[in-house]
Amino acid sequence: MTIQRTLSIIKPDATRRNLTGRINAKFEDAGLRIVAQKRLHLSLAQAQAFYAVHKDRPFFAELTEFMASAPVVVQVLEGEDAIARNRAVMGATNPANADAGTIRKEFALSVGENSVHGSDAPDTAAQEIAFFFSGLELVG
Ligand code: CMP
């Protein structure tokens, strides 16, 4: 059994539609614990820094302007195989390809406005958690 932590973001399309609680229920129902959480309104520079890995992609401007367009909720989720488990609960990046019952199938509007972000591997999870949270904010 591997207990992991992963970084989750509830995106502006979801906070605008008041979906934070319904999305959090999906995480908790899947056995993930929300061990840290805060609501932020990212600046464009902060969104660009967070998504720097995508800076050469054609959708970078659209992605970062969207992420800075309204508040987000950043979270640390903990549980057994939390990185893969969270990605299963989120569903495919494009909601058209997401399985029934997943967050993106139920709530996402498009590939860009897809309601949630989740880390994709242990190294990126550690980097992304450190981007938003100090050790003092991770209380388990
Ligand atoms: P996320 O998991 O946050 O990681 C990168 C994001 O880029 C991804 O979710 C999508 O929201 C976004 N993205 C990926 N492909 C496209 C696209 N073709 N157009 C707009 N946004 C995209």
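What you see is a predicted model, and the numbers here were worked out from it, not measured in a lab.

A. Spatial organisation of the overall build of the chain. Summing up its helical and strand segments, the chain has seven helices and four strands in all. Traced from its N-terminal end to its C-terminal end, the chain shows the element sequence β-α-α-β-α-α-β-α-α-β-α. Radius of gyration (C-alpha) of the chain: 14 Å, near the 14 Å computed for a compact globule of 140 residues. Taken along the three principal axes of its C-alpha coordinates, the chain extends 40 × 35 × 25 Å. Across the 140 residues in the chain, those meeting the buried criterion constitute 46%. The long-range fraction of contacts in the chain, counting pairs at least 24 apart against all pairs at least 6 apart in sequence, stands at 77%. Within the structure as shown, the chain displays about 7100 Å² of accessible surface, and the carbon and sulfur contribution to it stands at 51%. Between the mean site of the 15 positive side-chain charges and the mean site of the 16 negative ones, the chain shows a separation of 3 Å.

B. Summary view of helix α2 (residues 20-29). Residues of α2 that are buried: T20, I23, N24 and F27. The arc enclosing the buried residues of α2, seen along the axis, measures out at 100°, which places them on a common side. Residues of α2 that are exposed and point over 90 degrees away from its buried face: R22 and D29. G31, located one to two residues past α2, shows a positive phi value of around 90°.

Rules of the game
- Residues numbered from 1 in each chain as written.
- Predicted model: local features only at pLDDT ≥ 70, side-chain atom pairs only at ≥ 80, totals over all residues.
- Heavy atoms only, no water.
- Helix = DSSP H or I, 4+ residues; strand = E, 2+ residues; numbered from the N terminus.
- Rg over C-alpha atoms; globule rule 2.2 N^0.38 Å.
- Buried < 20%, exposed > 50% of the residue type's maximum accessible area, 1.4 Å probe, protein only.
- Contact = heavy atoms within 4.5 Å.
- Areas by Shrake-Rupley, 256 points an atom, 1.4 Å probe, with all protein chains shown as cover.
- Lys, Arg positive; Asp, Glu negative; His and termini not counted.
- Charge placed at Lys NZ, Arg CZ, Asp CG, Glu CD.
- Arc of directions from axis to C-beta.

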